[in-house]
Amino acid sequence: MDLTQKIQQLKKEKNAIILAHNYQRPEVQEIADYIGDSIELSRKAAEEKDAKILVFCAVDFMAESAAILNPNKKVLLPCLGARCPMAQMLTVEEIKRVKKQYPKAPVVLYVNTLASCKAEADICCTSANAVEVVKSLNADTVLFGPDSNLANYVAEKTGKRIIPIPQNGFCPTHLLFQPEDVKVLKMQHPNAVVMVHPECSAEMRQNADFVGSTSKMCRFAKESKAKEFIVGTEEGIMHRLRKENPEKEFYLAYEGAVCPNMKLTTLDRVYAALKEEKNVVEVPKAVTKKAKASLDRMFAVKS
Ligand code: 13P
Ligand code: SF4
């Protein structure tokens, strides 16, 4: 039996399901029961009734959200070192410090945060629903973190005053995208449509035809009449885009746009985690209760 077959067999024996983010390696996407963006994976985790084990092929904060939403299930992160550097940029102390300056402003936190920070938030959001979440709040000034690019995007779309916490949180992978590279690709493929993630810089967004979460990009590519696309997000998404749209062409806006943490999940590690039921993601009870409330408020917002 090859590794994929062994994983499939273990999955059945242990009543496990595999959830994989759109940035995962192609072979990991291929063994997954569900592939999606942060909110879709969180929703799947929240809805899951039968499985006893959730193998979360992504980074720490996504697996933590799954654990928060499923306190009675085992959530496994195949590589415990798979951490999102942006999520590490915000601390509970920083939230409390800024909150003192703006006591009336609600705290909206991108799901790319540690569980301890989510517990301090009024509401969570993902890149797919950040605009709707902020619009839903009865407040003109909002504290928003940790991504300052997403914060800018939300400010543009809502017209509200958005205070970024911390001042300059960013995704090191999306920072790699530069408008000059898109210009060159546009010259080579003049009919190509440009789609980018809101974690990209304001310049990248301004030159894009479409801005959205990873799954929104997949949907846009499927529904669009265009035949060529320039893609401004992590390279793992190219597998799904090409698989779902074999008749269309996709060009990554920067070939080096790799999230090294997302790539730490390999088939070997998925197999080992599931076989030994190791790398269980655990969130303290008190944090779980408060963080779940912030996530549930997000789920209640229509988007
Ligand atoms: P999505 O929710 O769009 O998948 O984004 C998650 C992420 O980490 C982007 O870098
Ligand atoms: Fe974090 Fe950026 Fe990697 Fe997404 S791509 S997990 S934001 S470092």
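Residues numbered from 1 in each chain as written. Chains lettered and ligands numbered in written order. Predicted model: local features only at pLDDT ≥ 70, side-chain atom pairs only at ≥ 80, totals over all residues. Heavy atoms only, no water.

Trainee: Go over the overall build of the protein with me, naming the residues and quoting the values.
Mentor: Within the protein, the regular secondary structure consists of 14 helices and 12 strands. For 303 residues, the compact-globule formula gives about 19 Å, and the C-alpha radius of gyration of the protein, at 19 Å, lands near that figure. For the protein, the spread of C-alpha atoms along the three principal axes comes to 55 × 50 × 30 Å. Here the protein holds 303 residues, and the buried ones make up 57% of them. Within the protein, contacts between residues at least 6 apart in sequence are counted, and of these 62% link residues at least 24 apart. Carbon together with sulfur atoms contributes 50% to the accessible area of the protein, which is approximately 13,500 Å² in total. Once the 44 positive and 38 negative side-chain charges of the protein are each reduced to a mean point, those two points are 6 Å apart. (Helix = DSSP H or I, 4+ residues; strand = E, 2+ residues; numbered from the N terminus. Rg over C-alpha atoms; globule rule 2.2 N^0.38 Å. Buried < 20%, exposed > 50% of the residue type's maximum accessible area, 1.4 Å probe, protein only. Contact = heavy atoms within 4.5 Å. Areas by Shrake-Rupley, 256 points an atom, 1.4 Å probe, with all protein chains shown as cover. Lys, Arg positive; Asp, Glu negative; His and termini not counted. Charge placed at Lys NZ, Arg CZ, Asp CG, Glu CD.)

Trainee: How would you explain the pattern of salt bridges if you had to name every residue and give the values?
Mentor: Using the criterion set out here, one finds 16 salt bridges in the structure. For Glu40, the salt bridge is made with Arg219, and the minimal N-O distance between the two is 3.2 Å. A residue pair is termed long-range when its members are at least 10 positions apart, and Glu40 in helix α3 (residues 38–47) and Arg219 in helix α11 (residues 214–223) qualify at 179 residues. By relative accessible area, which is 26% here, Glu40 ends up partly exposed. Judged by its relative accessible area of 40%, Arg219 is partly exposed. One salt bridge in this structure joins Glu234 and Lys263, with 3.0 Å as the shortest N-O distance. (Salt bridge = Lys/Arg side-chain N within 4 Å of Asp/Glu carboxyl O.)

Trainee: Report on the site of ligand 1, specifying residues and quantitative values.
Mentor: Neighbouring residues of ligand 1: 13 residues in total, closest His21, Ser38, His197, Glu199 and Thr214. For ligand 1, an oxygen atom lies 2.6 Å from a polar atom in the side chain of Thr214. Look at ligand 1: alone it shows 300 Å² of surface, and the protein chains cover 96% of it. (Near = heavy atom within 4 Å. Polar contact = N/O pair within 3.5 Å; in protein donor to acceptor, adjacent residues only side chain to side chain.)

Trainee: Break down the sheet that holds strand β7 (residues 141–145) for me, citing the residues and quoting the values.
Mentor: In any sheet, the strands associate via hydrogen bonds between backbone groups, in a parallel or an antiparallel arrangement. Spatially, β6-β5-β7-β8 is the arrangement adopted by the 4 strands of the open sheet, whose pairing is parallel. With one partner strand each, in any of the chains shown, β6 (123–125) and β8 (161–164) form the two edges of the open sheet. Averaged over all pairs of adjacent strands, the angle between strand axes in this sheet comes to 30 degrees, irrespective of strand direction. Examined bridge by bridge, β7 and β8 share 4 bridges and lie parallel to one another. Counterpart to Phe144 in the pairing with β8 is Pro164. Contacts between helix α5 (residues 92–101) and the sheet are confined to β5 (107–110), β7 and β8, with β5 contributing the most and set at about 150 degrees to the helix. Against the sheet, helix α8 (residues 148–158) engages β5, β7 and β8, with an angle of about 175 degrees to β8. (Pairing = 2+ DSSP bridges. Axes fitted to C-alpha atoms, helices over the stretch in contact; angles between N-to-C directions.)

Trainee: So what's going on with α11? Residues and values would help.
Mentor: Those residues of α11 that fall on the buried side of the exposure criterion are Thr214, Ser215, Met217, Cys218 and Ala221. Buried residues of α11, seen end-on, are gathered within an arc of 155 degrees and therefore sit on one face of the element. (Arc of directions from axis to C-beta.)

Trainee: Go over the site of ligand 2 with me, naming the residues and quoting the values.
Mentor: Near ligand 2 you find Tyr23, Val59, Cys84, Pro85, Met86, Asn112, Cys171, Glu199, Cys259 and Met262, and these make up its full shell. In terms of residue class, the shell around ligand 2 is built from 8 nonpolar, 1 polar and 1 charged. (Nonpolar A, V, L, I, M, F, W, Y, C, P; charged D, E, K, R; others polar.)

Trainee: Break down unusual backbone geometry for me, with residues and values.
Mentor: With an omega of 0 degrees, the peptide bond running from Gly145 to Pro146 counts as cis. You can see Pro146 is positioned in the loop between β7 and α8. Phi at Asn15 takes a positive value of approximately 55 degrees, unusual for a residue other than glycine. Positionally, Asn15 belongs in the loop between α1 (3–14) and β1 (16–21). Among the residues examined, Asn15 registers a relative accessible area of 33% and is labelled partly exposed. For Glu277, which is not a glycine, the phi torsion comes out positive at approximately 50 degrees. Locating Glu277 in the fold gives a position in the loop between α13 (267–276) and α14 (285–300).

Trainee: How would you sum up the side chain of Thr288? Please name residues and give values.
Mentor: The topology assignment puts Thr288 in helix α14. By relative accessible area, Thr288 is classed as buried at 12%. Once residues lying within four places of it in the same chain are set aside, the contact partners of Thr288 are Ile68 and Val283.

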